[in-house]
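Fold and geometry: a report
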Amino acid sequence: MDKSSTEEARLTAEILNNPKFQKMALQKSLLGWSFSAVMFSVYTAFIWIIGTRPDLLGRKVSEGGVTTWGIYAGIAVIVFSFLITLTYVWLANGYFEKTTREVVREVQGDASCTNVQEHA
């Protein structure tokens, strides 16, 4: 192992053991699992309704029309999944990334942090 690899391993260990980083990682994990649970619940409810009460989503939106409420419900599930994903990405690339950069700067002794992913 050369000197730069040893230094990189030390920095990585310090970052991963930093309480601020661990708290952020836990928050990110909880957020991800919570969003997954919400999305799973929405999708499961949609499928449950299709299987148990197809008449609800099979109703036509207007008399003489061909579009059913199921089409709108399906579109709503898809749009909701995009919105929940966008929210997670926005938080992950905003707050969580900022926290990671702060920890890396602290560990490096306020040196400039240009490539966080190399160390995190």
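As a starting point, this report considers the structure included with it. (Residues numbered from 1 in each chain as written. Predicted model: local features only at pLDDT ≥ 70, side-chain atom pairs only at ≥ 80, totals over all residues. Heavy atoms only, no water.)

Things to note about the overall build of the protein
Defined as follows: Strands here are runs of E lasting at least two residues and helices are runs of H or I lasting at least four, both read from the DSSP assignment and numbered beginning at the N terminus. For every residue, the accessible area (1.4 Å probe, protein chains only) is compared with the maximum for its type, and the residue is labelled buried under 20%, exposed over 50%, or partly exposed between those bounds. Residue contacts follow a heavy-atom distance rule, with two residues in contact if any of their heavy atoms lie within 4.5 Å.
Per the secondary structure count, the protein includes five helices and zero strands. Start at the N end of the protein and walk to the C end: the helices and strands fall as α-α-α-α-α. In the protein, buried positions account for 22% of the 120 residues. Considering only contacts within the protein whose residues lie at least 6 apart along the sequence, 59% involve residues at least 24 apart.

A short note on a nonpolar patch on the surface
For clarity, the cut-off: Residues enter patches when their relative accessible area tops 30% and they take part in no salt bridge; the joining distance is 9 Å for like charges and 5 Å for the nonpolar side chains Val, Leu, Ile, Met, Phe, Trp and Tyr. The accessible surface values rely on the Shrake-Rupley method and a 1.4 Å probe; as for residues, cover is taken only from the protein chains in view. Salt bridge, as used here, is a side-chain nitrogen of Lys or Arg placed within 4 Å of a carboxyl oxygen of Asp or Glu.
A surface patch of nonpolar side chains, about 760 Å² in accessible area, is lined by Val61, Trp69, Ile71, Tyr72, Ile75, Val79, Leu83 and Leu86. Assignment of secondary structure puts tyrosine 72 in helix H4 (residues 69–108). For tyrosine 72, a relative accessible area of 44% puts it in the partly exposed group.

Section: helix H2 (residues 19–52)
Put simply, the rule reads: Between the first and last residue of a helix there are one fewer steps than residues, each counted as 1.5 Å, and that sum is the expected span. Any pair of nitrogen or oxygen atoms within 3.5 Å is treated as a polar contact; in protein, a donor-acceptor pairing is required on top of that, and neighbouring residues in sequence qualify only through side-chain atoms on both sides.
Spanning 34 residues, H2 covers 48 Å between terminal C-alpha atoms, matching the ideal 50 Å at 1.5 Å per step. Within the sequence span of H2, burial applies to Phe21, Met24, Leu31, Gly32, Met39 and Phe46. Close packing links the buried residues of H2 with helix H1 (3–17), helix H3 (54–58) and H4. In this structure asparagine 18 caps H2, since a side-chain oxygen of it lies 2.8 Å from the backbone nitrogen of lysine 20.

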